[in-house]
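# A structural walkthrough
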Amino acid sequence: MTTVVHKRLTPPSTSYWELIKLTVPIWIANIAIVGGGTIDTLMAGHYGAVQLAGVAIGGAVTISVFVALVGVMQGLSPIAGHHFGAGHHMRIGEELHQTMWICFGLSIIGVAVLGCTPVWMAITKSTGEVAHVATLYLIFSCIGLPGSMAGRAYTALNAAVSRPKIAMVISLILLALKAPLNYIFMNGIGPFPELGGAGCGLSTAVSGWLTLGMFWAIWRFDSFYEKMRKKTFSWPNTKIILGQLRLGIPIGISSFFEVTSFTFMTVFISRLGAVTVSGHQIVANLSSLIYMLPLSVAVSGTVLVSQSLGAGSPCSARTATYRALKMGITLALTTSMLMYFFKYSVVSLYTNDPAVIAVATTLIIYASIYHVFDAINCIGAFALRGYRITLVPMVIYGVLLWGFGLGLGSTFCFTDYLTPEPLGAAGYWTSITISLIIAGIIVGGLAVYVPNQVCEGRKIRIR
């Protein structure tokens, strides 16, 4: 008689130190990515309020489309993490190939949507030089979109297999190139025409394709990935693609709701004039910058949750979730206090226009309030992805961030139906703050409940 010996899988370490080791390079990479947007805002802001307004509108539309499409591809991350934890390395390469087919189809959709520049200008009611800058920005975004999206697939995979330093190094290289490329394209150095603020869009497109090239080279030649790489070409596999889309589509829609709750604010607030939208853009950019820390903790938490579940250790997954939440809340509280007490110093880095500073320092108070709940919301939702729960967070985001945040925000901003007078930009920031507080409480509660149920062997029906 032959005895079959099953190899016992070893779950990953879920210590705070392991969380930190994963989080720091992911955070540096995210800061570098958002840093590119910060450089755009700084350089366009010093180029003039009109140029900054055009970049803000073009960037808001681009990010809205990009994040939703990339979110659909993020089904790869928990799936690859499960395979890595279970020791099924070759399946990771096959999943990556199928993600690239998804990327190909989504890129066609994204270019078509971004290319409808007259529609976007009509929605934002942009005219004159602001519309010209925003239109050129969107055209350049169409060029860079496929490369940027494919690069994000490699970013997700590297995080899933506990190699976030790869994305960190590449992101830092691109950050170092961002300001010089901006300067060349904005000012028309050498053979390039002077593009003003639209040059930020062209430099971003170039960076997207450079990112993809570096990621591909590492995947192709680094021996670490040898056991994951497929040796043959893969045609679309319906079963694998559908498996990714079941997770990815709700993630993409959730990401769209979350990001567009801010970017569509920019689109609508642009109707209030260049000064207001510039002040809003500064705070929105700062919010994105500080959001990268809880986002990095969230990605690390997802990696450890997915790997733990793949290794058959649901209690390790629970520990990873709880520790990620504790660490994220602590960091968010610290960041919020620093942002509030040093708001004038921070805003003055972006602009020296007194009117813009006045708008930004008022709006930054809202960001200081909601940031902690946004951190809970982010880390909780990412942890739930490890459990392949993505539909419920999508519904929560849709109802609260769009239905309440944008819907009620529009009423506060432009009408006096519920307030003595229209609140302007503060109306949107008030409603979005309330929405994020409620979303953080609900999603955070689920992120405590689900891991505990799974660890204790109880079935859950949440999807």
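An account of the accompanying structure is given in this report. Please read all numbers here as calculations on a predicted model, not as lab measurements.

### A few points about the nonpolar core
Grouped together as the largest cluster of nonpolar side chains are 67 residues, with contacts concentrated most on Met265 and Trp429. Counting only elements with at least two residues in this core, the list comes to helix H1 (16–47), helix H9 (238–269), helix H10 (274–310), helix H11 (314–341), helix H13 (354–386), helix H14 (391–414) and helix H15 (425–455). A per-element tally of this core places H13 first, with 14 residues. The residues touching Trp429, leaving out its near neighbours within four places in the chain, are Phe262, Met265, Ile269, His280, Val283, Ala284, Ser287, Leu363, Tyr366, Ala367 and Tyr370. Listed in part, the 46 residues of the second largest apolar core include Phe66, Leu106, Ala131 and Val161.

### A short note on H1
Between its first and last C-alpha, H1 extends 44 Å over 32 residues, near the 46 Å set by a 1.5 Å rise per residue. Of the residues one or two after H1, Gly48 is the one with positive phi, at around 140°.

### Section: the packing of H1 against helix H2 (residues 49–73)
The contact between H1 and H2 brings their axes to 5 Å, and the two run at 145°. Between H1 and H2 lies a crossing of right-handed hand. Contact with H1, carried on its side by Asp40, Thr41, Ala44, Gly45 and Tyr47, involves Ala49, Gln51, Leu52 and Val55 of H2 and no other residues of that element. Residue composition of the contact of H1 with H2, by class: five nonpolar, three polar and one charged.

### Thoughts on the pattern of salt bridges
It is possible for side chains bearing opposite charge to pair when their charged atoms get close. In total, this model carries six salt bridges according to the counting rule given. Of the charged contacts in the structure, one is a salt bridge between Lys21 and Glu18, with a shortest N-O distance of 3.4 Å. Here the residue Lys21 and the residue Glu18 both occupy positions in helix H1, the gap between them amounting to three residues, near one helical turn. For Lys21, a relative accessible area of 41% gives the class partly exposed.

### Overview of the packing of helix H6 (residues 128–160) against helix H8 (residues 199–221)
Interaxial distance between H6 and H8 falls to 7 Å at its minimum, and their mutual angle equals 30°. In terms of their interaxial angle, H6 and H8 are classed as roughly parallel. Judged by the twist between their axes, the crossing of H6 over H8 is left-handed. In terms of residue class, the contact of H6 with H8 is made up of 15 nonpolar, nine polar and no charged.

### Here we look at the side chain of Glu95
Positionally, Glu95 belongs in helix H4 (residues 89–114). Buried charge without a partner: Glu95 forms no salt bridge, and the closest opposite charge is Arg388, 7.2 Å away.

Criteria and thresholds
Residues numbered from 1 in each chain as written. Predicted model: local features only at pLDDT ≥ 70, side-chain atom pairs only at ≥ 80, totals over all residues. Heavy atoms only, no water. Core = buried A, V, L, I, M, F, W, Y, C linked by side-chain atoms within 4.5 Å. Buried < 20%, exposed > 50% of the residue type's maximum accessible area, 1.4 Å probe, protein only. Helix = DSSP H or I, 4+ residues; strand = E, 2+ residues; numbered from the N terminus. Contact = heavy atoms within 4.5 Å. Expected span 1.5 Å × (residues − 1). Axes fitted to C-alpha atoms, helices over the stretch in contact; angles between N-to-C directions. Left-handed = near helix turned anticlockwise from the far one by under 90°. Nonpolar A, V, L, I, M, F, W, Y, C, P; charged D, E, K, R; others polar. Salt bridge = Lys/Arg side-chain N within 4 Å of Asp/Glu carboxyl O. Parallel < 35°, antiparallel > 145°, perpendicular 65-115°, else oblique. Lys, Arg positive; Asp, Glu negative; His and termini not counted.

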